[in-house]
4 protein chains.
Amino acid sequence: MDLKKRVWEILEVDRPGEPRGKVYDAFDVFILVLIFLNVIAVILGTVKSVEVRFQSALRWFEVFSVAVFTIEYLARLWACASQSRYSHPVFGRLRFMFRPMAMIDLLAVLPFYLTFFTADLRFVRALRLFRLFRVAKLGRYSSSVRLFGRVFRSKREELFVTAMMMLVMIIMSASFMYFAENEAQPDKFPDIPSTVWWSVMTLTTVGYGDVFPVTPLGRALAMLIAILGIGMFALPVGIFGAGFVEEIQKQKTRKTTCPHCGEEIG
Amino acid sequence: MDLKKRVWEILEVDRPGEPRGKVYDAFDVFILVLIFLNVIAVILGTVKSVEVRFQSALRWFEVFSVAVFTIEYLARLWACASQSRYSHPVFGRLRFMFRPMAMIDLLAVLPFYLTFFTADLRFVRALRLFRLFRVAKLGRYSSSVRLFGRVFRSKREELFVTAMMMLVMIIMSASFMYFAENEAQPDKFPDIPSTVWWSVMTLTTVGYGDVFPVTPLGRALAMLIAILGIGMFALPVGIFGAGFVEEIQKQKTRKTTCPHCGEEIG
Amino acid sequence: MDLKKRVWEILEVDRPGEPRGKVYDAFDVFILVLIFLNVIAVILGTVKSVEVRFQSALRWFEVFSVAVFTIEYLARLWACASQSRYSHPVFGRLRFMFRPMAMIDLLAVLPFYLTFFTADLRFVRALRLFRLFRVAKLGRYSSSVRLFGRVFRSKREELFVTAMMMLVMIIMSASFMYFAENEAQPDKFPDIPSTVWWSVMTLTTVGYGDVFPVTPLGRALAMLIAILGIGMFALPVGIFGAGFVEEIQKQKTRKTTCPHCGEEIG
Amino acid sequence: MDLKKRVWEILEVDRPGEPRGKVYDAFDVFILVLIFLNVIAVILGTVKSVEVRFQSALRWFEVFSVAVFTIEYLARLWACASQSRYSHPVFGRLRFMFRPMAMIDLLAVLPFYLTFFTADLRFVRALRLFRLFRVAKLGRYSSSVRLFGRVFRSKREELFVTAMMMLVMIIMSASFMYFAENEAQPDKFPDIPSTVWWSVMTLTTVGYGDVFPVTPLGRALAMLIAILGIGMFALPVGIFGAGFVEEIQKQKTRKTTCPHCGEEIG
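Residues numbered from 1 in each chain as written. Chains lettered and ligands numbered in written order. Predicted model: local features only at pLDDT ≥ 70, side-chain atom pairs only at ≥ 80, totals over all residues. Heavy atoms only, no water.

A.B. asks: Explanation requested: the overall build of chain A in the structure shown.
C.D. replies: What chain A contains, in helices and strands, is 10 helices and 0 strands. Listed by position from the N terminus, the elements making up chain A come as α-α-α-α-α-α-α-α-α-α. (Helix = DSSP H or I, 4+ residues; strand = E, 2+ residues; numbered from the N terminus.)

Here it is in structure tokens:
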């Protein structure tokens with residue numbers, strides 16, 4: 001087995017349930033631990049007392065992490081040519097780069113290099129958190145995550161329609177509330193885009209209480225909207241519940257055989 | 001094919017899943033884009049900075065939209081006589097006008113003409129948002145929307161009973177809370193209709209925090225009501241969930257065969 | 001048919017789905033309309049402007065309603081002896097009086113007579129709202145209400161256990177929160193019974209925002225409690241959903257026969 | 001039957017559905033009542049007016065309770081050696097002590113003895129509430145609790161994955177919100193760990209309203225997070241619902257027969 005192929009197999013974890021050998025597992029664990037430490041570093045780095053005391057340590061840890069992630073990314077980019085799908089030296093690699101997973105990996109290192117070109121460190125530091133998404137790769141080990149994925153895919157259209165209905169509900173309720181309350185509270189409901197804030201916070205039943213209607217018409221509308229908001233919970237919950245029930249029944253009917261005569265049932 | 005029939009077929013989209021030809025689709029897309037631009041125009045028109053800069057553009061766009069919608073509405077009204085259901089020149093057309101979909105189309109243009117008779121532009125502008133409901137026509141293309149419709153229809157009675165139970169719960173909790181809190185907070189719980197606002201906001205778990213009980217009896221009642229409010233979520237969610245499971249099972253059993261004689265059961 | 005039996009049949013509506021004749025239905029509708037008008041009278045009677053203007057009208061309507069309800073109650077009490085279950089002149093009638101439905105009817109009139117003995121009109125007026133519960137009798141006409149009843153009964157034990165778990169959760173979270181926050185906010189968390197208010201309002205996700213923890217330990221606890229609160233929704237919703245699915249499947253398997261050969265399936 | 005075995009049988013309630021005789025039941029009821037009185041004592045002991053008046057009574061009740069619980073714990077520790085699993089005089093007893101149920105029993109008495117060594121009575125008193133967990137033992141009598149346990153165990157992995165997704169969602173939303181709002185409200189969003197408080201209270205839809213974003217970017221993020229928060233309800237509810245449906249179907253199919261050979265399956 002040539003080096004390219006070997007590197008590919010160490011770096012890409014895509015055969016769930018198969019034994020991979022110690023070297024592979026050790027590498028996986030190392031990368032995972034690094035990701036978690038990175039996220040903790042970003043979080044603690046925002047706490048003033050921690051930042052003051054450990055500034056240089058955090059900086060060096062960042063440099064080390066980015067070095068590891070960059071080498072890993074480049075190694076994977078180099079090794080991907082061993083696969084027939086990405087075999088073309090240029091276009092195959094570009095194709096590999098545009099896979100969602102590879103995009104996340106790039107987003108995990110790019111912010112660091114951007115700090116040499118931009119002064120807006122705030123935005124760049126936020127981007128570093130995308131490293132957490134790399135944890136999603138772990139999902140392929142878990143049958144539950146695959147079950148969630150199947151349910152989500154099979155109910156894709158229903159969830160999309162629900163999302164559209166929510167969007168229409170948010171826009172309609174914000175618009176009507178604006179026309180009801182704008183005169184009474186021009187500072188809290190100045191225009192429809194601002195009223196969307198109230199609309200979402202009421203439909204999701206968060207209800208901070210920073211903005212709420214005071215006119216009788218506005219209150220009547222808000223009550224109607226809050227009750228309709230229950231539908232925003234009922235639909236996705238009902239869809240997910242039915243999806244789980246369906247998946248479970250599929251798995252059962254896939255291969256039930258009678259233990260007595262051995263023939264397949266249902 | 002005469003012109004009336006041709007116009008009818010272009011304007012009315014009621015054969016889901018069938019190819020309609022390029023002219024028809026282009027017209028659909030044009031009307032849809034116009035609806036969305038209208039909604040965006042209404043929303044942005046309320047933002048002061050936008051209104052000041054683009055006042056005349058928004059006005060001309062409104063005139064253009066209304067012209068298109070009016071012509072479309074009249075064309076449809078004229079063409080509907082080609083269908084046997086609406087064949088009578090006067091009563092057939094009146095019957096067409098009172099279909100819910102045709103009512104929405106009328107509501108989409110009428111506000112504009114009302115501006116010539118009334119000075120209350122605020123209310124008229126709000127009515128323009130009804131144009132968004134025209135998007136509902138898209139629903140007939142989607143099998144998910146039809147599934148939602150079936151679930152909703154088959155659970156119609158259960159949902160109505162749930163709505164009645166909610167109404168009784170809202171009235172009862174508002175009334176008891178009024179008698180518990182009115183003396184302690186006469187400005188926040190002045191009468192039962194005003195307490196309904198607190199009642200709905202607590203039962204839907206929105207909880208703005210602008211009104212809440214302070215007496216021990218009021219607090220005990222509120223805790224009971226908040227816990228009962230969970231039932232307001234549990235019932236509709238359970239009903240929808242069961243409805244989805246049922247629909248899925250119906251679709252499956254559509255092609256099952258009787259184990260006794262082997263024939264298919266509808 | 002003697003008079004007693006006839007009166008009983010007019011007053012007691014307990015044969016759903018059977019035709020009852022015009023006299024019976026007219027009486028039902030009359031009592032129902034009276035109940036709704038009573039509830040509206042109680043609600044509007046609390047609005048000051050209404051009370052001032054219509055005080056005597058409301059008073060006379062109350063006297064009239066109580067007269068009707070009292071006569072109806074006494075007539076039913078007199079007529080119940082025609083049934084074998086309540087045939088004993090004294091004990092049969094006492095037994096009838098202690099049925100839940102008869103208790104509600106008594107509660108609907110008793111408050112009025114109490115006003116002659118007590119000066120606490122406030123409490124007495126609140127009791128008048130119990131008349132709304134008489135609407136529950138309508139439920140026996142609806143198959144959905146009977147379905148809800150069946151689901152509720154079949155899941156009785158699960159719902160009781162859920163209620164017990166909620167109670168333990170409320171007490172435990174209130175107690176721990178008291179020990180975490182009492183020192184920092186002695187006015188907001190003065191003792192455990194007062195902290196129960198915070199506990200319920202957080203677990204039900206109402207979140208008024210009048211009381212919330214400020215110490216790091218209190219906040220950590222509150223976050224844990226809020227997340228556990230999701231379980232307070234998940235359990236009853238899941239139980240109801242499963243109950244509805246179960247009932248629907250029961251109804252199906254009750255009497256499915258193959259339409260081709262006529263034999264029973266399942 | 002020797003004394004050790006007899007004591008074991010009185011103290012350990014682990015054969016649900018079996019008759020145990022009057023002595024055993026009386027002992028169970030006595031311990032249960034004592035637990036409930038203890039919890040009530042802890043709760044009322046925090047109310048100032050009660051504490052002042054009944055201080056010595058509460059103190060003596062505490063001493064009495066701890067004496068009973070200690071004797072019961074020691075008796076059980078002594079008697080457990082009668083069981084083959086814990087037969088070793090030292091290691092068997094240690095093994096018994098580390099069972100979760102035995103740990104709870106120890107936690108129920110230990111706090112009292114700690115008061116002789118520590119001055120932090122506040123923390124010690126909080127620990128006394130762990131006595132309430134002893135009520136969990138009752139659960140083994142209830143078939144519903146066993147059903148909940150089965151559903152929970154069968155959906156263990158799905159619930160764990162959901163918990164992980166929630167954790168990632170909480171961390172990500174807190175981090176992004178920190179970068180969006182820190183500059184505008186440095187006192188409310190001082191660092192990411194503090195922003196987690198906002199994040200949890202929004203995702204669980206509690207929404208106290210003590211902290212909320214004010215910048216357009218922060219508000220847009222918050223709306224997205226609040227809508228995603230619905231998923232935090234939808235997933236566990238859907239999982240539990242499907243779990244209950246599955247368990248019910250399992251119980252039914254327990255006695256189904258294979259349609260090919262006629263023998264029972266499962």
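From this point on, the discussion continues.
A.B. asks: Is there a simple way to explain helix 1 (residues 3-11) of chain A in this structure?
C.D. replies: Every buried residue of helix 1 of chain A is accounted for by Val7, Trp8, Ile10 and Leu11 of chain A. Burial along helix 1 of chain A is one-sided: seen end-on, the buried residues are contained in an arc of 165 degrees. (Buried < 20%, exposed > 50% of the residue type's maximum accessible area, 1.4 Å probe, protein only. Arc of directions from axis to C-beta.)

A.B. asks: Even after reading the chapter, I still don't get helix 7 (residues 143-154) of chain C, so can you show me in this structure?
C.D. replies: An α-helix turns once per 3.6 residues; consequently, residues spaced three or four apart project the same way. Residue and element names in this part refer to chain C. Its 12 residues place the ends of helix 7 16 Å apart at the C-alpha level, agreeing with the 16 Å of an ideal helix rising 1.5 Å per residue. Within the span of helix 7, buried status applies to Ser144, Leu147, Phe148 and Val151. Taken around the axis of helix 7, the buried residues stretch over an arc of 100 degrees, which confines them to a single face. (Expected span 1.5 Å × (residues − 1).)

A.B. asks: Whenever I open this one, the interface of chain A and chain D confuses me. Can you help?
C.D. replies: Where interface size is quoted, it is often the accessible area lost as the parts come together. At the junction of the two partners, chain A supplies 48 residues and chain D supplies 52 residues. Between chain A and chain D, a total of about 4300 Å² is buried, with carbon and sulfur atoms accounting for 75% of that surface. Where chain A packs against chain D, one counts 1 salt bridge. Between Arg219 of chain D and Asp210 of chain A there is a salt bridge, with its nearest N and O atoms 3.5 Å apart. Applying the counting rule to chain A against chain D returns 5 residue pairs in polar contact (both at pLDDT 80 or more). When contributions to the side of chain A that touches chain D are tallied by element, the ones reaching two or more residues are helix 2 (22-45), helix 6 (121-127), helix 7 (143-154), helix 8 (156-181), helix 9 (192-203) and helix 10 (216-254) of chain A. (Contact = heavy atoms within 4.5 Å. Buried area = accessible area lost by both parts, 1.4 Å probe. Salt bridge = Lys/Arg side-chain N within 4 Å of Asp/Glu carboxyl O. Polar contact = N/O pair within 3.5 Å; in protein donor to acceptor, adjacent residues only side chain to side chain.)

A.B. asks: Before we go on, may I ask you to explain the side chain of Thr215 of chain B in this structure?
C.D. replies: Residues and elements named next belong to chain B. Relative to the helices and strands, Thr215 resides in the loop between helix 9 (192-203) and helix 10 (216-253). Polar side-chain contacts of Thr215 include one of 2.5 Å to the side chain of Glu181. Residues in contact with Thr215, not counting those within four places in the same chain, are Ala180, Glu181 and Ala184.

A.B. asks: Where do I start with the packing of helix 8 (residues 156-181) of chain C against helix 9 (residues 192-203) of chain C in this structure?
C.D. replies: When two helices pack together, their arrangement is given by the angle between the helix axes and the distance between those axes. Residues and elements named next belong to chain C. Viewed as axis vectors pointing N to C, helix 8 and helix 9 meet at an angle of 120 degrees, and their least axial separation amounts to 8 Å. Seen along the crossing, helix 8 lies across helix 9 with a hand that is right-handed. In this structure, helix 8 uses Met169, Ile170, Ser173, Ala174, Ser175, Met177, Tyr178 and Phe179 to contact helix 9, whose residues at the interface are Ile192, Thr195, Val196, Trp198, Ser199, Val200 and Leu203. Each residue belonging to the contact of helix 8 with helix 9 can be placed in one class, and the counts come to 11 nonpolar, 4 polar and no charged. (Axes fitted to C-alpha atoms, helices over the stretch in contact; angles between N-to-C directions. Left-handed = near helix turned anticlockwise from the far one by under 90°. Nonpolar A, V, L, I, M, F, W, Y, C, P; charged D, E, K, R; others polar.)

A.B. asks: Please explain the relation of the copies chain A and chain D as it appears in this structure.
C.D. replies: Between the two copies of the chain lies a relationship made up of a rotation around an axis and a movement along it. With an RMSD of 0.1 Å, the operation that places chain A on chain D is a rotation of 90 degrees combined with a shift of 0.0 Å along the axis. Look at the turn and shift together and you get a four-fold axis relating the two. (Least-squares fit on C-alpha atoms with pLDDT ≥ 70 in both.)

A.B. asks: Explain the packing of aromatic side chains to me, please; I cannot follow it from the model alone.
C.D. replies: In this description, an aromatic ring pair is defined by two values, namely the gap between the centres and the angle between the planes. Scanning the model with the defined rule gives 40 aromatic pairs over all chains in all. Seen from their ring centres, Phe233 of chain A and Phe233 of chain D are 5.5 Å apart, and the 90 degrees between their planes marks the pair as edge-to-face. Here Phe233 of chain D lies in helix 10 (residues 216-253) and Phe233 of chain A lies in helix 10, a pairing that spans two chains. Using a relative accessible area of 5% as the deciding quantity, one classes Phe233 of chain A as buried. Aromatic rings pair up to connect Phe233 of chain A, Phe233 of chain B, Phe233 of chain C together with Phe233 of chain D into one cluster. (Phe/Tyr/Trp six-rings, centres within 6.5 Å; stacked < 30°, edge-to-face > 60°.)

A.B. asks: It is not clear to me how a nonpolar patch on the surface should be interpreted in this structure. Could you clarify?
C.D. replies: There is a patch of nonpolar side chains on the surface, built from Val29, Val33, Leu37, Ile40 and Leu44 of chain A and spanning about 410 Å² of accessible area. Using a relative accessible area of 44% as the deciding quantity, one classes Ile40 of chain A as partly exposed. (Patch = residues over 30% accessible without salt bridge, like charges linked within 9 Å, V, L, I, M, F, W, Y side chains within 5 Å. Areas by Shrake-Rupley, 256 points an atom, 1.4 Å probe, with all protein chains shown as cover.)

A.B. asks: What is the right way to look at the pattern of salt bridges in this model?
C.D. replies: When charged atoms on two side chains of opposite charge get close, those side chains can pair. Enumeration according to the criterion identifies 22 salt bridges over all chains in this entry. Between Arg76 of chain C and Glu72 of chain C there is a salt bridge whose closest N-O contact spans 2.3 Å. With a gap of 4 residues between them, Arg76 of chain C and Glu72 of chain C both fall in helix 3 (residues 48-79), about one helical turn apart. With respect to class, Arg76 of chain C is no different from Glu72 of chain C; both count as buried. Counted as one network, the salt bridges with shared partners bring together Glu72, Arg76 and Asp105 of chain A.

A.B. asks: Help me understand the environment of Tyr178 of chain C in this model?
C.D. replies: Looking at the secondary structure, you find Tyr178 of chain C in helix 8. Counting along the chain gives 14 residues from Tyr178 of chain C to Ile192 of chain C, while the straight-line C-alpha distance between them is 5.8 Å.

A.B. asks: What am I meant to see in the nonpolar core here?
C.D. replies: A general feature of soluble globular proteins is that nonpolar side chains tend to end up buried together. If you look at the biggest cluster of nonpolar residues, it comprises 162 residues, and the most contacted ones within it are Met201 of chain B, Met201 of chain C together with Met201 of chain D. Membership of the second largest hydrophobic core comes to 56 residues, among which are Ile239 and Ile248 of chain B together with Phe240 and Ala242 of chain D. (Core = buried A, V, L, I, M, F, W, Y, C linked by side-chain atoms within 4.5 Å.)

A.B. asks: I'm lost on the packing of helix 8 of chain C against helix 7 (residues 143-154) of chain D in this one. Help?
C.D. replies: Look at helix 8 of chain C against helix 7 of chain D: their axes get within 9 Å of each other, and the N-to-C directions meet at 80 degrees. If you check the angle between helix 8 of chain C and helix 7 of chain D, you find them roughly perpendicular. Contact residues: Glu157, Glu158, Val161, Thr162 and Met165 of chain C in helix 8 of chain C; Ser143, Ser144, Val145, Leu147 and Phe148 of chain D in helix 7 of chain D. Taken together, the residues that form the contact of helix 8 of chain C with helix 7 of chain D break down as 5 nonpolar, 3 polar and 2 charged. (Parallel < 35°, antiparallel > 145°, perpendicular 65-115°, else oblique.)

A.B. asks: Just checking my understanding: could you explain the environment of Leu37 of chain C for this structure?
C.D. replies: Note on placement: Leu37 of chain C falls in helix 2 (residues 22-45). A C-alpha to C-alpha distance of 10.0 Å links Leu37 of chain C and Glu62 of chain C, two positions 25 residues apart in sequence.

A.B. asks: For this particular structure, what's the right way to read the environment of Val135 of chain A?
C.D. replies: Residue and element names in this part refer to chain A. For Val135, the position within the fold is in the loop between helix 6 and helix 7. Linking Val135 and Phe30, residues 105 residues apart in sequence, is a C-alpha distance of 12 Å. Residues within four places of Val135 in sequence aside, it is in contact with Ile35 and Phe36.

A.B. asks: I keep staring at the side chain of Asn38 of chain D and nothing clicks. Help me out?
C.D. replies: Residue and element names in this part refer to chain D. Counting through the fold element by element, Asn38 comes out in helix 2 (residues 22-45). Residue Asn38 is classed as buried on the basis of its relative accessible area of 1%. When sequence neighbours within four positions are dropped, the list of residues in contact with Asn38 reads Phe61, Glu62, Ser65, Phe69 and Arg131.

A.B. asks: Teacher, can you tell me more about the confidence of the model for chain A here?
C.D. replies: The predicted structure's coordinates, where accompanied by low pLDDT, should not be read in detail. Residues and elements named next belong to chain A. Mean pLDDT for chain A: 82, with 85% of residues reaching 70 or above. Within chain A, helix 6 has the poorest average pLDDT of any element, 69, and helix 9 the best, 94. Here the complex is predicted with pTM 0.86, and the ipTM for its interfaces comes to 0.83. (pLDDT = per-residue confidence, 0-100.)

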